[in-house]
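Now for the letters of each chain:
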Amino acid sequence: MDKRLLINLQRVPKHVAIIMDGNGRWAEGKGMSRVFGHRNALTAVRESIESAAQIGVKAITLYAFSTENWNRPKLEVDALMSLLVNSLKKELITFQKNGVIVNAIGNIENLPSKAKKALNEVIIQTKDNSKIIMTLALSYGSREEIVNAIKNISKKVVNKELSVKEIDENIINNHLYTFNLPEVDLMIRTSGEQRISNFLLWQMAYAELYFTDVLWPDFRKEDFYDAIIDYQNRERRFGKTSEQITE
Ligand code: IPE
Ligand code: IPE
Ligand code: MG
């Protein structure tokens, strides 16, 4: 049975964030090197983007490389960076076919110049699409993002462009890398780990969290739809009582 038919198209999350985890274990389970796992992660990325676009998700954010991931062996970091360059080129067709606007968050300046170039190219090539915004979190750390926002806000205060009194949640939102994205409604993490790993701390304040044991290279459309169906069976109360919600 097509799981998509079980989805209520009136209650689709606007913004889905995914921690794509488990590539290394997937490969090790097959007696292969970790990099083999990263190489086999692209189908899962493609299927997630396509299924999100098909049901009307407006924003999908994929955690591809964290600030902490720079501490991995150089061989693995280099492999991830060249995979990024190749995948961006290879997937341009997928982006255009599905109306995907490509976006990036994180300390992009820290990426190798080849990766920055490939990223800029695909951002420009997809800027006129309008169905879904796909954000890659690259060299991304939520704490660093918040530090960065505080610095930029402080500068404005010092320059008298902004007063302390004016600082509110909106101002902070507008200084995060995600300023142009809606709040995260659903966060999916694969591979069985149940932690946030410095991802979108502020933006996930009221997100529904969904954990699955599926390893990222095995994640397919049905797995994505399972997460959406699970999300739709939850009651988001935002501090209110259940009675107030159902009224
Ligand atoms: C996720 O898979 C990909 C990145 C973090 C880049 P991992 O490489 O973390 O895989 P595991 O968690 O070691 O299995
Ligand atoms: C989080 O995965 C980062 C990405 C998926 C890119 P990790 O595998 O690096 O997370 P930890 O270190 O196990 O929490
Ligand atoms: Mg991991």
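Residues numbered from 1 in each chain as written. Chains lettered and ligands numbered in written order. Predicted model: local features only at pLDDT ≥ 70, side-chain atom pairs only at ≥ 80, totals over all residues. Heavy atoms only, no water.

Colleague: How should I be thinking about a negative patch on the surface in this particular structure?
Modeller: A cluster of acidic side chains, namely Glu-166, Asp-168, Glu-169 and Glu-183, defines a negative patch on the protein surface. Tracing the chain through its elements places Glu-169 in helix H8 (residues 169-174). The exposure class assigned to Glu-169 is exposed, which follows from its relative accessible area of 60%. (Patch = residues over 30% accessible without salt bridge, like charges linked within 9 Å, V, L, I, M, F, W, Y side chains within 5 Å. Areas by Shrake-Rupley, 256 points an atom, 1.4 Å probe, with all protein chains shown as cover. Salt bridge = Lys/Arg side-chain N within 4 Å of Asp/Glu carboxyl O. Lys, Arg positive; Asp, Glu negative; His and termini not counted. Charge placed at Lys NZ, Arg CZ, Asp CG, Glu CD. Helix = DSSP H or I, 4+ residues; strand = E, 2+ residues; numbered from the N terminus. Buried < 20%, exposed > 50% of the residue type's maximum accessible area, 1.4 Å probe, protein only.)

Colleague: Any chance you could explain the site of ligand 1 here in plain terms?
Modeller: In the vicinity of ligand 1, the residues found are Met-20, Asp-21, Gly-22, Asn-23, Gly-24, Arg-25, Arg-34, His-38, Ala-64, Asn-69, Arg-72 and Leu-80. One of the backbone nitrogen or oxygen atoms of Gly-24 is found 2.9 Å away from an oxygen atom of ligand 1. Within the side chain of Arg-34, one N or O atom sits 2.8 Å away from an oxygen atom of ligand 1. A total of 380 Å² of accessible area belongs to ligand 1 in isolation, and the protein chains cover 87% of it. Secondary structure elements with two or more residues in the shell around ligand 1: helix H1 (23-28) and helix H2 (34-39). Element by element, the count of residues in the shell around ligand 1 is highest for H1, at three residues. (Near = heavy atom within 4 Å. Polar contact = N/O pair within 3.5 Å; in protein donor to acceptor, adjacent residues only side chain to side chain.)

Colleague: What should I look at first to understand the environment of Val-100 in this one?
Modeller: Inspection of the secondary structure assignment puts Val-100 in strand E3 (residues 100-105). For Val-100, a relative accessible area of 0% puts it in the buried group. On a C-alpha basis, the gap between Val-100 and Gln-232 in space is 24 Å, while along the polypeptide they are 132 residues apart. Setting aside chain neighbours within four positions, we find Val-100 in contact with Ile-49, Thr-94, Phe-95, Thr-126, Asn-129, Ile-132 and Met-134. (Contact = heavy atoms within 4.5 Å.)

Colleague: Quick question: what am I supposed to make of the nonpolar core here?
Modeller: Note on soluble globular proteins: their nonpolar side chains tend to be buried together. Of all hydrophobic cores here, the largest spans 46 residues; its most connected members are Ile-18, Leu-62, Met-134, Ile-188 and Phe-224. Leave out the neighbours within four places in its chain, and Met-134 touches Ile-49, Ile-60, Leu-62, Phe-95, Val-100, Ile-101, Val-102 and Asn-103. In terms of nonpolar packing, the next biggest core, distinct from the first, is built from 13 residues, Tyr-63, Val-184, Met-187 and Phe-199 among them. (Core = buried A, V, L, I, M, F, W, Y, C linked by side-chain atoms within 4.5 Å.)

Colleague: Could you clarify how one ought to interpret a nonpolar patch on the surface in this entry?
Modeller: A grouping of Met-1, Leu-5 and Leu-6 is seen on the molecular surface, where their side chains present a nonpolar patch of about 400 Å² in accessible area. Among the structural elements, Leu-6 can be located in the segment before strand E1 (15-19).

Colleague: Sorry if this is basic, but what is going on with the sheet that holds E1 here?
Modeller: Sheet strands line up and pair through hydrogen bonds in the backbone, either parallel or antiparallel. Spatially, E3-E4-E2-E1-E5-E6 is the arrangement adopted by the six strands of the open sheet, whose pairing is parallel. Sheet topology places E3 and strand E6 (208-211) at the edges, where each strand pairs with a single neighbour. When strand polarity is set aside, the average angle formed by the axes of neighbouring strands in this sheet is 20°. Of the pairings in the sheet, the one linking E1 to strand E2 (residues 59-66) comprises five bridges and is parallel in character. Along E2, the bridge assignment pairs Ile-19 with Tyr-63. Relative to strand E5 (residues 186-189), helix H9 (residues 221-232) is tilted by about 135°, and along the sheet it contacts E1, E2, E5 and E6. (Pairing = 2+ DSSP bridges. Axes fitted to C-alpha atoms, helices over the stretch in contact; angles between N-to-C directions.)

Note that every value here comes from positions in space, so none of it alone points to a role or purpose.
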